[in-house]
Structures are given as structure tokens and as C-alpha cells.
Protein chains: 2
Amino acid sequence: MAGLTDQPVIQAMRYAAQGGKRLRGFLVLESARMLGVAETRAISAAAAVEALHAYSLVHDDMPCMDDDALRRGLPTVHVKWDEATAVLAGDALQTLAFEMLTDPALGAGDTRIALVAGLAKASGAEGMVLGQALDIAAETAAQPLTLGQITELQAGKTGALIRFSAEAGAILAGADRAPLRAYATALGLAFQIWDDVLDVTGDAALTGKAVGKDAAAGKATFVSLLGLDEARARATDLVRQAEAALSPYGAAAQNLIDCARFVIARQS
Amino acid sequence: MAGLTDQPVIQAMRYAAQGGKRLRGFLVLESARMLGVAETRAISAAAAVEALHAYSLVHDDMPCMDDDALRRGLPTVHVKWDEATAVLAGDALQTLAFEMLTDPALGAGDTRIALVAGLAKASGAEGMVLGQALDIAAETAAQPLTLGQITELQAGKTGALIRFSAEAGAILAGADRAPLRAYATALGLAFQIWDDVLDVTGDAALTGKAVGKDAAAGKATFVSLLGLDEARARATDLVRQAEAALSPYGAAAQNLIDCARFVIARQS
């Protein structure tokens, strides 16, 4: 039997937390910076949302869920190790995310508890997990999803955590959350629409995951419902809305605005 | 597509949280009561440890883990629904556990953060998940586990959460955690030894789960390593140690002492 620290589950946690765009961690750090919070104070919250996101990918990739063999250009955890390791590594990454939010550097107990509450609400059965459950239910539904249903699904599956990531800066600063929430709501939807665009137009070598999968599965997506041109137009409009939401912050919001523009320029 | 609140994942969460002995929730409430903390203040912490425990059972029962079809006398979640629902319901129960620890009734922000930190440490890759990983690794190990290894495995897999549950009362009361920690460490080990005894001597109709499973799998247990009589004697000795640890509290500790005695009297 291997020792404590060289258990496959520990290696798999580290593996799953590597790579990716770090969009969510960036949103935490940049929303904090915009509101005058130092990176040294915000860094554990950024690490927490990335750990939470990594857990969700490990579980979503499992054979009983989306059954993906490739993630960020590498074999998924259940392929590289096995399903038991994928369950446990995902479980422990979720725990780690909440543990990171107890870091005293984040601020007073009440601030840290507000972060814990926000992350829990974004990721649990009212947020990310609900979105994933709706996504799986849609696969066996008699009718393809409507645009309203896909939008609702996305708001949970990817939107809630993106929204929390941007709001985290306001929580750390003790500032009004509304502008960052409006920004991130538009950003999150644009992000998902663009993911659907890339599933049709993308290059697996660039995206680091299988492409054409949704279309092959006959799954309703923003592109299948709107067409490519209209999907692109909506994403562009959402990015404009995201920018407008940050107008109160003037030039300090430039990095977040650039991030929104990146979302609909990216090839991966 | 079903609506939001009637999703199978929500039903499965409720299902998985029902039944059981409620040992961990009892330890929270009773350690709190012993130290003068009202049940109304402690109840969310008791619910949190039970939700955390329920999540661990749902995932541990999955085919890629312990592959159990029966739990608390009922079909396990992946049998009653499917594996995807089991992954998601377990994930959301873990999230719910941390969310419950944000309840303002538990006390000041610092108190709640101490509970979040304690639950994370008990349940993550340094605690419960590590124990489960060691348990799975043992199944394919060339040699059966030694007594030291089984004890270490148990300290993580079931011991850590039992320890945190008892310590939670001291966290809520702002009291010394050491006596409750010593009590729960002995109690947790006695509990696991007795589980191994019941796996040999128990009745599936009473335990609500399959019996004789470990022996059939040739798995090393406290009983296979010590024999039935010595395993019973050690459990009895541990219960005496648990009682002694609570001597500072006199008669106020009677319910916790009764609980320790119950652990080695129980038939399920």
C-alpha cells in the first residue's frame, strides 16, 4: 500500500487542477483589484473557485456523466487513473475549495463566511449541480430543449460559478455586488454561447477537447437553435452589456472588459 | 424536462439523507449540550455532519467504489436512480453540508469559519477521502493490511468525521477541544471494530446492509487480524477510554457515555 502523500487521489487532484484558462480565478483577482483589494488577500478565493471548477470537470467527464476522454489536451482523470480515483479526487477538490475559503488572509470571519455561502449557493443543487442535472435530463427528454430552457440550464451549469467569481471581489471589498453580478451574468452566457460556437467551428488541437460532439449527439445548443450568425451576434451583444455594467468603475475596469472581449475572440 | 425542484438529484439527496443512526448529528448536539450550548444554536452543525456523512455513503456505495446495492435497508442511490444521479446527489450533499455551516444561528463568523475548517479537514484528502482511497488501494495490494495500517485507514475513513462531530460542541462553546477529541478518537475506533464484528456476526435484516462481505472478499479487518474475542475486548477497552476522557464533565457527560456503550452493544 502506498503512503499517505503519494496516493493516486492526491496525484489526481494535482493533475486535475493544472492547465485551463483560469477564467474564474482571474475574475476573482481582477474584480478584487478593481475594488482596491490586494492580490495577497484575494488569492485563496481565486484558488478556491479554480479547485471547485476542477472538481466539477473531473466528475462531469466521468463515463456516467458526459463521458469525455480528453480535457485540456490531456486524458481525463478516470482514463488516466480509474473511476474510483475520479470520484474521490473530485470530492476532495470540492472540500479543498471550501477549506481554502477559511484562510485568515481573506479577511474577518464574516467575510470568509460570506464567501463560503456564495460558493455553496453557486455550486450546489441551486446552481452548478442543478445545471448539470438538467443537462443530463435533457439527453433523454422527448423534446429538444427550448432556448429558454438552455439559457436556464447554462445559468446553473457554468453561469453560477462565473457570477460568484466576479462577485467575490465585491465581497472581499465590502462593496456593492450588483455591477459585478450584471457583468458576470452577461459574461457567463456569452461564454457558453461561444463554447457552442467552438463546438461547431473549433479545432480539437486548439480547444483541447473533442469537438462536434453536441451536434453528433443531436443535442440542442445555442447554435442549433439560433444558427451560427445569430449565436455570434448574441454573444457580441452580451459582451457589450457586460462592458456597460462596469461603466461606474471607469478605467479601473479595463482588464475585466478585455476579459469579456477575449471570451468571444478565443479559439479554445 | 422536469422542473427545478422535482429533479431526480433533489429527490435522491432527500432519500440519501434519511434513516441511519444519526450518530454524528447526535455527537454534535450532545457535546454542545454538555457545554451549555442550546440545541437551536447547534442544530445546523448537526445537520451539516449528517449531510456530509450521507454524501460519503452515496459515493462509497457506487459500483466503482464499494459497489453496494443496499444501505439502511433500502436500495442505494445508484440502484434506485442511476450513477450520474449518485455522483451529483453526493456532490450537492457535500456542498449543502458547508452551506449549512454558514447559518448565522451557529454564532459569530469566526465560530462558523472554525466549523468549516474543521469539517473540511475531517472530510477531505487528509481525512475521510484519504481513508477511502487507502481502503480501495488495499483491495489490490499484494499483502493484506497490517493492524497499524487498518487503524490508520479507519482514523481517516470514519474516525475523522466522528472526531469533528464531537469537537463541534467545543467549537460552538469556545471550550477546550481536547477531552472531546480523546473521547471521539476512542469512540470512532471502537465503532469501526464493532462494524467488523457485526460483518461477521450480524444479521442483514438488522444491519440493513450486506453482511459477511469483507470476509468473502478476503479483506483484512480487525476481526480477521485479532479474532472475534480480542476484537470485542479491544472495543470494550476503547469504550472505557472514551468514558475516562469525559471525567472532567461529571454527570453532564452521561449521554455521551451512554452513546459510547451503545456503540458496542448495537446489532446494526
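Residues numbered from 1 in each chain as written. Chains lettered and ligands numbered in written order. Predicted model: local features only at pLDDT ≥ 70, side-chain atom pairs only at ≥ 80, totals over all residues. Heavy atoms only, no water.

- An unreviewed UniProt entry lists chain A under the name Geranylgeranyl diphosphate synthase, with Tabrizicola oligotrophica given as the organism.
- Quoted straight from UniProt, the Function (unreviewed entry) entry for chain A says "Catalyzes the condensation of farnesyl diphosphate (FPP) and isopentenyl diphosphate (IPP) to yield geranylgeranyl diphosphate (GGPP) needed for biosynthesis of carotenoids and diterpenes."
- Its UniProt record gives chain A a comment under Sequence similarities (unreviewed entry), which states: "Belongs to the FPP/GGPP synthase family." (UniProt positions renumbered as here; feature names shortened; annotations may be inferred.)

**Points about helix α5 (residues 83-100) of chain A**
Residues and elements named next belong to chain A.
In step 1: Here α5 is 18 residues long and its end C-alpha atoms lie 26 Å apart, about the 26 Å a rise of 1.5 Å per residue gives.
In step 2: Counting buried positions along α5 yields 14 of 18 residues, so the element is predominantly enclosed.
In step 3: Measuring from the side-chain oxygen of the N-cap residue of α5 to the backbone nitrogen of Ala 84 gives 3.3 Å; that N-cap residue is Asp 82. (Helix = DSSP H or I, 4+ residues; strand = E, 2+ residues; numbered from the N terminus. Expected span 1.5 Å × (residues − 1). Buried < 20%, exposed > 50% of the residue type's maximum accessible area, 1.4 Å probe, protein only. Polar contact = N/O pair within 3.5 Å; in protein donor to acceptor, adjacent residues only side chain to side chain.)

**Observations regarding the state of the cysteines**
In step 1: Evaluation of the coordinates by the stated rule reveals zero disulfides over all chains.
In step 2: Looking at the unpaired Cys 64 of chain B, the closest cysteine sulfur is the one in Cys 64 of chain A, lying at 7.6 Å. (Disulfide = S-S within 2.5 Å.)

**Observations concerning the nonpolar core**
In step 1: Counting residues in hydrophobic clusters, the biggest one holds 101 residues, and the most contacted among them are Leu 119 and Phe 164 of chain A together with Leu 119 and Phe 164 of chain B.
In step 2: Every residue in contact with Leu 119 of chain A, bar those within four places of it in the chain, is listed here: Val 49, Leu 52, Ala 97, Phe 98, Leu 101, Leu 161 and Phe 164 of chain A. (Core = buried A, V, L, I, M, F, W, Y, C linked by side-chain atoms within 4.5 Å. Contact = heavy atoms within 4.5 Å.)

**Here we look at the relation of the copies chain B and chain A**
In step 1: Rotating chain B by 180 degrees and moving it 0.0 Å along the rotation axis overlays it on chain A with an RMSD of 0.0 Å. Overall, the copies show the geometry of a two-fold rotation axis. For chain B, the minimum C-alpha distance to the rotation axis belongs to Gly 109 of chain B and amounts to 2.1 Å.
In step 2: The residues that chain B uses at the interface reappear at the interface of chain A in 98% of cases, marking a shared surface. (Least-squares fit on C-alpha atoms with pLDDT ≥ 70 in both.)

**Things to note about the pattern of salt bridges**
All names here are of chain A.
In step 1: Taken as a whole and assessed by the stated rule, the structure comprises 28 salt bridges over all chains.
In step 2: Its salt-bridge partner being Asp 135, residue Lys 157 comes within 2.7 Å of it at the nearest N-O pair. With Lys 157 in helix α8 (residues 147-173) and Asp 135 in helix α7 (residues 128-139), the pair connects residues that are 22 residues apart, well separated along the chain.
In step 3: You can call Asp 135 buried: its relative accessible area is 7%.
In step 4: Between Arg 266 and Asp 195 there is a salt bridge whose closest N-O contact spans 3.1 Å. Taken together, the residues span a long stretch of sequence, with Arg 266 in the segment after α14 (254-263) and Asp 195 in helix α9 (residues 178-201) at a distance of 71 residues.
In step 5: On the basis of relative accessibility, which here comes to 3%, the residue Arg 266 falls in the buried class. (Salt bridge = Lys/Arg side-chain N within 4 Å of Asp/Glu carboxyl O.)

**Notes on unusual backbone geometry**
Residues and elements named next belong to chain B.
In step 1: Of note, the phi angle at Arg 22 is positive, near 60 degrees, even though the residue is not glycine.
In step 2: Mapped onto the elements of the fold, Arg 22 is located in the loop between α1 (8-16) and α2 (23-34).
In step 3: One non-glycine residue, Asp 67, lies in positive phi territory at about 55 degrees.
In step 4: Its place among the elements puts Asp 67 in the loop between α3 (39-60) and β1 (70-71).
In step 5: Note on Asp 67: relative accessible area 48%, which makes it partly exposed.

**A word on the packing of α9 of chain A against helix α13 (residues 228-245) of chain A**
Residues and elements named next belong to chain A.
In step 1: Relative to each other, α9 and α13 sit at 160 degrees, their axes nearing to 8 Å. Relative to α13, the element α9 is oriented roughly antiparallel. In this structure, α9 crosses over α13, and the sense of that crossing is left-handed. Facing α9, whose interface residues are Pro 179, Ala 182, Tyr 183, Ala 186, Leu 187, Leu 189, Ala 190, Ile 193, Trp 194, Val 197, Val 200 and Thr 201, α13 presents Leu 228, Ala 231, Arg 232, Arg 234, Ala 235, Leu 238, Val 239, Gln 241, Ala 242 and Ala 245. (Axes fitted to C-alpha atoms, helices over the stretch in contact; angles between N-to-C directions. Parallel < 35°, antiparallel > 145°, perpendicular 65-115°, else oblique. Left-handed = near helix turned anticlockwise from the far one by under 90°.)

**A closer look at the packing of aromatic side chains**
In step 1: In the structure shown here, the tally under the stated rule is three aromatic pairs over all chains.
In step 2: Here the aromatic rings of Tyr 15 of chain B and Trp 81 of chain B are separated by 5.1 Å at their centres, their planes lie at 80 degrees, and the arrangement is edge-to-face. Linking Tyr 15 of chain B in helix α1 with Trp 81 of chain B in the loop between α4 (77-80) and α5 (83-100), this pair joins segments that are 66 residues apart in sequence.
In step 3: The residue whose ring lies beneath Arg 266 of chain A is Phe 191 of chain A, and the NZ or CZ to ring-centre distance is 3.9 Å. (Phe/Tyr/Trp six-rings, centres within 6.5 Å; stacked < 30°, edge-to-face > 60°. Lys NZ or Arg CZ within 6 Å of the ring centre and 35° of its normal.)

**With respect to the packing of α2 of chain B against helix α8 (residues 147-173) of chain B**
Residues and elements named next belong to chain B.
In step 1: Where α2 meets α8, the closest approach of the two axes is 7 Å, and the angle between their N-to-C directions is 25 degrees. One way to sum up the angle between α2 and α8 is to call them roughly parallel. Of the two elements, α2 crosses α8, and the hand of that crossing is right-handed. Along its contact with α2, which presents Leu 23, Arg 24, Leu 27, Val 28, Ser 31 and Ala 32, the element α8 presents Leu 161, Ile 162, Ser 165, Ala 166, Ala 168, Gly 169 and Leu 172.
In step 2: Partitioned by chemical class, the residues of the contact of α2 with α8 number nine nonpolar, three polar and one charged. (Nonpolar A, V, L, I, M, F, W, Y, C, P; charged D, E, K, R; others polar.)

**Brief notes about the environment of Leu 147 of chain A**
All names here are of chain A.
In step 1: In this fold, Leu 147 is placed in helix α8.
In step 2: Residues Leu 147 and Pro 63, 84 residues apart in the sequence, show an inter-C-alpha distance of 27 Å.
In step 3: In contact with Leu 147, not counting residues within four places along its chain, are Phe 222, Leu 225, Leu 226 and Arg 234.

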